[in-house]
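For reference, the chains in residue letters:
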Amino acid sequence: IIVVDSIPALVPRAEFDKVEKEGLDVGSNQFSRRAAMLSSALPKIVKPLADSKVALVFINQERDNVGVMYGPKKTQPGGAAMKFFSSLRISINRMGQYMVAGKPAGTKSKIRPVKSKLFPIWGREAEFIINENGINKYGMLAEDAIVYEIGKKEGAMFRYENKSWRGLAALEEDLRKDPQLYTSMLAAVLKARQSNPRKLGGDPGKSTAEETTEEQ
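Bear in mind the structure is a predicted one, so any value in this text is a computation, not a measurement. (Residues numbered from 1 in each chain as written. Predicted model: local features only at pLDDT ≥ 70, side-chain atom pairs only at ≥ 80, totals over all residues. Heavy atoms only, no water.)

## What to know about the overall build of the protein chain
Thinking step 1. Each helix and strand counted, the protein chain has six helices and 11 strands in total.
Thinking step 2. Across the 216 residues that make up the protein chain, the buried fraction comes to 28%.
Thinking step 3. As displayed, the protein chain has an accessible area near 14400 Å², and 55% of this comes from carbon and sulfur atoms. (Helix = DSSP H or I, 4+ residues; strand = E, 2+ residues; numbered from the N terminus. Buried < 20%, exposed > 50% of the residue type's maximum accessible area, 1.4 Å probe, protein only. Areas by Shrake-Rupley, 256 points an atom, 1.4 Å probe, with all protein chains shown as cover.)

## Points about the sheet that holds strand S7 (residues 126-131)
Two orientations exist for strands paired in a sheet by backbone hydrogen bonds: parallel and antiparallel.
Thinking step 1. With respect to topology, four strands assemble into an open sheet ordered S5-S6-S7-S8, the strand pairing being antiparallel. Strands with a single pairing partner mark the edges of an open sheet, and in this sheet they are strand S5 (88-100) and strand S8 (134-135).
Thinking step 2. Note: strand S6 (residues 103-116) against S7, five bridges, orientation antiparallel. Its bridge partner being in S7, Lys-110 is matched across the sheet by Glu-127. (Pairing = 2+ DSSP bridges.)

## With respect to the sheet that holds strand S9 (residues 152-154)
Thinking step 1. What the three strands build is an open sheet, ordered S9-S10-S11; its pairing is antiparallel. The open sheet has two edge strands with one neighbour each: S9 and strand S11 (163-166). This sheet shows a mean twist of 20° between the axes of neighbouring strands, independent of strand direction.
Thinking step 2. Bridge count between strand S10 (residues 157-160) and S11: four bridges; the pairing is antiparallel. In the sheet register, Tyr-160 faces S11, and the bridge partner there is Lys-163.
Thinking step 3. Packed on one face of the sheet, helix H6 (residues 179-195) meets S10 and S11 and runs near 90° to S10. (Axes fitted to C-alpha atoms, helices over the stretch in contact; angles between N-to-C directions. Contact = heavy atoms within 4.5 Å.)

## What about the side chain of Ser-91?
Thinking step 1. Take Ser-91: it is sitting in strand S5.
Thinking step 2. Dropping the residues within four chain positions of it, Ser-91 is found in contact with Lys-110, Ile-111, Arg-112 and Val-114.

## Some points on helix H5 (residues 168-177)
Thinking step 1. Of all the positions in H5, only Leu-168, Leu-171, Glu-172 and Leu-175 are classed as buried. Buried residues of H5, seen end-on, are gathered within an arc of 100° and therefore sit on one face of the element.
Thinking step 2. On the buried face of H5, the contacting elements are S5, helix H4 (137-147), S10, S11 and H6. (Arc of directions from axis to C-beta.)

## So, the layout of surface pockets
Thinking step 1. Within this model, the largest pocket holds a volume of roughly 1400 Å³.
Thinking step 2. Those elements giving two or more residues to the lining of the largest pocket turn out to be helix H2 (31-52), strand S2 (56-59), helix H3 (81-85), S5 and S6.
Thinking step 3. Per-element accounting of the lining of the largest pocket gives the leading share, six residues, to S5.
Thinking step 4. Considered class by class, the residues forming the lining of the largest pocket number 23 nonpolar, nine polar and five charged. (1 Å grid on protein atoms, 1.4 Å probe; cavity = no way out; pocket = protein on both sides within 12 Å on 5 of 7 lines; lining within 4 Å. Points joined across faces, edges and corners; volume = space filled by probe spheres on them. Nonpolar A, V, L, I, M, F, W, Y, C, P; charged D, E, K, R; others polar.)

## Description of the pairing of S5
Thinking step 1. Here S5 pairs with S6 via 11 bridges, running antiparallel. Each bridged residue has a counterpart across the sheet, and for Leu-88 the counterpart in S6 is Ser-116.
Thinking step 2. What sits between S5 and S6 in their antiparallel hairpin is a turn of two residues, with Ala-101 showing a positive phi close to 55°.

Spatial relationships are all this shows, so hold off on functional conclusions.
Okay, structure coming up:
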């Protein structure tokens, strides 16, 4: 796997040549050169990547399409070439903070496939809790257990089978320590998700921050 971080940071060779000859021009617009570079390079690398079984991941940004009254209000650097040549496009939007005991313990993000040549994308989206250690699967399962109502929630108390916890922090800690509890609760959540796959983004309680509309 090869990761390019990111498309807006790519600098065309013509940019370097211009800087060497004319010096640095901070106000110059190089969006068209970057788009031309990608349009020329992507058709040449698609087949070698497939033959060598290498996954190439590009990280891009979504920006306001300034001055446009009609059509899309957002645009991505690099032009339209990435949309046509990519096999899978995923949109990641920040929803808010994941709070534990009143303190930020991660970021809640919604991940949604925009285009896929690998699987159907309709109705597929997921929420992730990401912290300094990566994806927090225990915190995600604790929230899903409340959202899908696999136990009984009364105020800050949550009961599942013959156990009870006060707050998400206590439930998350037990899920880390008890593999059997994690396996049992995960199976219950997956079963509930099959009957209601679109029940995402529910409010698990006051322990999480309000969702925001910030985009990345």
